[in-house]
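# A closer look at the structure
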Amino acid sequence: MAEDKSKRDSIEMSMKGCQTNNGFVCNEDILEQTPDPGSSTDNLKHSTRSNLGSQEPDFKGVRPYAGMPKEVLFQFSGQARYRIPREILFWLTVASVLVLIAATIAIIALSPKCLDWWQEGPMYQIYPRSFKDSNKDGNGDLKGIQDKLDYITALNIKTVWITSFYKSSLKDFRYGVEDFREVDPIFGTMEDFENLVAAIHDKGLKLIIDFIPNHTSDKHIWFQLSRTRTGKYTDYYIWHDCTHENGKTIPPNNWLSVYGNSSWHFDEVRNQCYFHQFMKEQPDLNFRNPDVQEEIKEILRFWLTKGVDGFSFDAVKFLLEAKHLRDEIQVNKTQIPDTVTQYSELYHDFTTTQVGMHDIVRSFRQTMDQYSTEPGRYRFMGTEAYAESIDRTVMYYGLPFIQEADFPFNNYLTMLDTVSGNSVYEVITSWMENMPEGKWPNWMIGGPDSSRLTSRLGNQYVNVMNMLLFTLPGTPITYYGEEIGMGNIVATNLNESYDINTLRSKSPMQWDNSSNAGFSEASHTWLPTNSDYHTVNVDVQKTQPRSALKLYQDLSLLHANELLLNRGWFCHLRNDSHYVVYTRELDGIDRIFIVVLNFGESTLLNLHNMISGLPATMRIRLSTNSADKGSKVDTSGIFLDKGEGLIFEHNTKNLLHRQTAFRDRCFVSNRACYSSVLNILYTSC
């Protein structure tokens, strides 16, 4: 009872000069008044006293005030003028969230797949023994590559591709691997490699390395164990009985090595012949043995764990040979069989591209996919299958639902010993027409196994070929030194015991005009530098506004910043023995690039007759002659010097790939359209 009385007294006190607030401070805006005996306040007090124990207080007529208790708040929150706006805001919020979710789903569904890192920009292929010497021994090494990463990033390169650096007894280092898990001491240590990987990733670059699964060195531990028939290694290589007559070994069949003569070599330890597609120091692995396949996959896992972003698989077409060992057919059937010693004199139907070979390559892809699950850590796979026809090479892309290589390397431009508008057009269209739908192309104009561009075609074609490289759809690939126009060395006494012709394109990188072209401070380098290094080097060309290096940087920057080049359609306009003309365009962008490249003698081109609606003059966006950049030319009479290239920019809504006449002459890898309003790409064009 005492407790009830205390509550009543508290309520009575709070009623004086204000409304009931259950102990909260009175609203200061309400003036204290003396209650009239007959006032409504007195009646409210009386009602409160008489009904306190049986019902809640009546708040009718009370206005909202700061600090009101929940009982009062609930009274107001239920009123229509407060409840309806609250519900409207709630449902507007729900609707907005649903619209945002729907818009996000729609954008994701309609957006094309983002370009992966191996599609975004150029690759830069480095022959490590010739790039930069850091320890003054005359040989390039891994630390030397790390020292020059700033130069590589200045070229707007996205991916560094390093050729073979595994421990090897062969001086060329490309194929005869003694240990796939070791760095050859000439190039440094495993710690040097790990530091290089970290430095490359710190620069925002990616790293791919060569891998040669087809064979090993004859000094590899596997071969040493195989020749003594030790355990599972007995059948790691391809062995077969061979006969001897008059002190001469008679091989099991007429199969030939790539370098000529029989591909079988007698081993006195095992008393059998082993098979080698290349040199006798490079015995072929037996990929019909599951243990061999698993060994190779373990090596891939080893390097992937080290942080490698991808591999270039070399010589994959040689992975399997026919089991029946029948003779291969002669090209010239009238030739005396005993005189057939050159690789080109046989059709290699039993020693290349055998049934099951692509299954092995796909198994490599599956191994790499296990390391591609992290966002941004996709592992790239390329294949080198040189000397194949284009229709066979593109088979390495895989099937629509079974992925193989991300792309087989396209070296067909490097095979052009003479160049013309027609020959360049033939290479471009042959690749694009044979490439499976939705796959990504690539282009290269040089490599370690081919003659350098300058020596093959002439230095007047350096700029125009680099312009071709960066204006075609797909990934451009540059062999070190091609950006400055390096040529083959002409020295004859190279003091090396390998293929001399391939060594000519592997001379030291020409950095400056100091001793050894800035490649090394040693008194002697493993190969001599080219005699033109005083004028053809990086330092000199950095300061020349019209240099090959400056144009290369401009082209790579244009390629990186223009959707027309990295996502757009390629439409062929015309070609002849002199020139090739094509456009790059994209739905949603009301301008196109018109690329004109002259590979023949000086010529006069009437571009106005090729494209309807072309203006009388057009602006040059980029030219192999930097003096022409930004200038306007008469489209009815464009004079082109030998080796000259022009990129025109033309504003138009009349895109060629939409026109019936050009439908069969336009190609795109991943179709996309651009929305200037939303600044996004989408696929529903």
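Residues numbered from 1 in each chain as written. Predicted model: local features only at pLDDT ≥ 70, side-chain atom pairs only at ≥ 80, totals over all residues. Heavy atoms only, no water.

## What to know about the overall build of the protein
The helix and strand tally for the protein stands at 19 helices and 28 strands. Every one of the 685 residues in the protein was classed for burial, and the buried ones make up 53%. Carbon together with sulfur atoms contributes 51% to the accessible area of the protein, which is approximately 31,700 Å² in total. (Helix = DSSP H or I, 4+ residues; strand = E, 2+ residues; numbered from the N terminus. Buried < 20%, exposed > 50% of the residue type's maximum accessible area, 1.4 Å probe, protein only. Areas by Shrake-Rupley, 256 points an atom, 1.4 Å probe, with all protein chains shown as cover.)

## A few points about helix 11 (residues 357-369)
Between its first and last C-alpha atoms helix 11 spans 19 Å; for 13 residues at 1.5 Å apiece the expected length is 18 Å, and the two agree. Taken across its 13 residues, helix 11 has 10 buried, putting it largely inside the fold. Within the sequence span of helix 11, burial applies to Met357, His358, Ile360, Val361, Arg362, Ser363, Phe364, Arg365, Thr367 and Met368. Summarising the contacts, the buried residues of helix 11 are in contact with helix 10 (290-305), strand 11 (310-314), strand 12 (380-384), strand 13 (398-399) and strand 14 (402-403). (Expected span 1.5 Å × (residues − 1). Contact = heavy atoms within 4.5 Å.)

## Let's talk about the side chain of Arg567
Take Arg567: it is sitting in the loop between helix 19 (563-566) and strand 18 (569-575). For the buried residue Arg567, which engages in no salt bridge, the nearest side chain bearing the opposite charge is Glu120, 8.3 Å off. There is a polar contact of 3.4 Å between the side chain of Arg567 and the backbone oxygen of Lys113. Apart from residues lying up to four places away in sequence, Arg567 is in contact with Pro112, Lys113, Cys114, Leu115, Leu586, Val668, Asn670, Ala672 and Leu681. (Lys, Arg positive; Asp, Glu negative; His and termini not counted. Salt bridge = Lys/Arg side-chain N within 4 Å of Asp/Glu carboxyl O. Polar contact = N/O pair within 3.5 Å; in protein donor to acceptor, adjacent residues only side chain to side chain.)

## Structural notes on the pattern of salt bridges
Under the defined criterion, the tally for this structure stands at 25 salt bridges. Among the salt bridges present, the one from Lys143 reaches Asp192, with a minimum N-O distance of 4.0 Å. Here Lys143, found in helix 6 (residues 142-147), pairs with Asp192, found in helix 8 (residues 190-202); they are 49 residues apart in sequence, far enough to count as distant. Accessibility expressed as a relative area gives 12% for Asp192, which makes it buried. The partner of Asp150 in a salt bridge is Lys203, with the nearest N and O atoms 2.3 Å apart. Taken as a pair, Asp150 in helix 7 (residues 149-154) and Lys203 in the loop between helix 8 and strand 5 (206-211) lie far apart in primary sequence, 53 residues in all. Classification of Asp150 by relative accessible area gives partly exposed; the value is 48%. Each of the salt bridges in this network shares a partner with another, and the network as a whole consists of Glu562, Arg591, Arg619, Arg621 and Glu649.

## Thoughts on the sheet that holds strand 6 (residues 239-240)
Strand order in the open sheet formed by 3 strands is 6-10-9, and the pairing between neighbours is antiparallel. What marks the edges here is a single partner per strand, and that holds for strand 6 and strand 9 (264-267). Strand direction decides the pairing type here: strand 9 and strand 10 (residues 272-275), joined by 4 bridges, are antiparallel. Following the sheet pairing, Trp264 is matched in strand 10 by Phe275. (Pairing = 2+ DSSP bridges.)

## Some words on the sheet that holds strand 15 (residues 407-408)
Strand order in the open sheet formed by 8 strands is 15-12-11-5-2-1-17-16, with parallel pairing between adjacent strands. Two strands in the sheet have a free side with no partner beyond their single neighbour: strand 15 and strand 16 (442-444). Across 5 bridges, strand 11 lies against strand 12 in parallel orientation. Paired with Asp314 across the bridge in strand 12 is Glu384. Running over the sheet, helix 8 touches strand 2 (159-162) and strand 5 and is turned about 140° from strand 5. (Axes fitted to C-alpha atoms, helices over the stretch in contact; angles between N-to-C directions.)

## What about the state of the cysteines?
Cysteine pairs can be covalently joined through their sulfur atoms, and such a bond is termed a disulfide. Tallying each qualifying case throughout the model produces 2 disulfides. Between the sulfur atoms of Cys242 and its disulfide partner Cys273 the distance amounts to 2.0 Å. Negative torsions about the S-S bond denote left-handed disulfides, and the value of about 90° found for Cys242 with Cys273 makes this one right-handed. With Cys242 in the loop between strand 6 and strand 7 (243-245) and Cys273 in strand 10, the pair connects residues that are 31 residues apart, well separated along the chain. Assessed through its relative accessible area of 14%, Cys242 is described here as buried. The disulfide that involves Cys571 links it to Cys666, with 2.0 Å between the sulfurs. (Disulfide = S-S within 2.5 Å.)

## Overview of a nonpolar patch on the surface
A surface patch of nonpolar side chains, amounting to about 380 Å² of accessible area, comprises Ile84, Ile88, Leu89 and Leu92. With respect to the secondary-structure elements, Ile88 resides in helix 4 (residues 80-110). With relative accessibility at 46%, the residue Ile88 sits in the partly exposed group. (Patch = residues over 30% accessible without salt bridge, like charges linked within 9 Å, V, L, I, M, F, W, Y side chains within 5 Å.)

## Here's the deal with the pairing of strand 12
Of all 5 residues that make up strand 12, 5 are buried, and the element is covered over most of its length. Burial along strand 12 is two-sided: the face carrying Phe380, Gly382 and Glu384 and the face carrying Met381 and Thr383 are both buried. Pairing analysis gives 2 bridges linking strand 12 to strand 15, with the strands arranged parallel. Note on strand 15: the bridge partner recorded for Thr383 is Pro408.

## Regarding the pairing of strand 22 (residues 617-623)
Here 3 bridges tie strand 22 to strand 23 (residues 632-634), and the two strands are oriented antiparallel to one another. Counterpart to Thr617 in the pairing with strand 23 is Asp634. Where strand 22 and strand 25 (residues 645-651) come together, 4 bridges link them in antiparallel fashion. Among the inter-strand pairings, Arg619 is bridged to a residue of strand 25, identified as Glu649.

## Considering the packing of aromatic side chains
What describes a pair of aromatic rings is the distance from one ring centre to the other and the angle between the planes of the rings. According to the stated counting rule, one finds 46 aromatic pairs in the structure shown. Ring centres 6.5 Å apart and planes at 40° place the aromatic pair Phe180 and Trp222 in the tilted group. Taken as a pair, Phe180 in strand 4 (residues 177-183) and Trp222 in helix 9 (residues 221-227) lie far apart in primary sequence, 42 residues in all. Phe180 sits in the buried class, given a relative accessible area of 1%. (Phe/Tyr/Trp six-rings, centres within 6.5 Å; stacked < 30°, edge-to-face > 60°.)

## So, the packing of helix 15 (residues 462-471) against helix 18 (residues 548-561)
Where helix 15 contacts helix 18, the two axes come as close as 10 Å, and the packing angle between them is 10°. Here helix 18 runs roughly parallel to helix 15, going by the angle between their axes. Residues Val462, Asn463, Asn466, Met467 and Phe470 of helix 15 form the contact with helix 18, whose participating residues are Ala548, Leu551, Tyr552, Leu555, Ser556 and His559. Grouping the constituent residues of the contact of helix 15 with helix 18 by class yields 7 nonpolar, 4 polar and no charged. (Parallel < 35°, antiparallel > 145°, perpendicular 65-115°, else oblique. Nonpolar A, V, L, I, M, F, W, Y, C, P; charged D, E, K, R; others polar.)

These results come straight from atomic positions and should not be treated as a statement about function.
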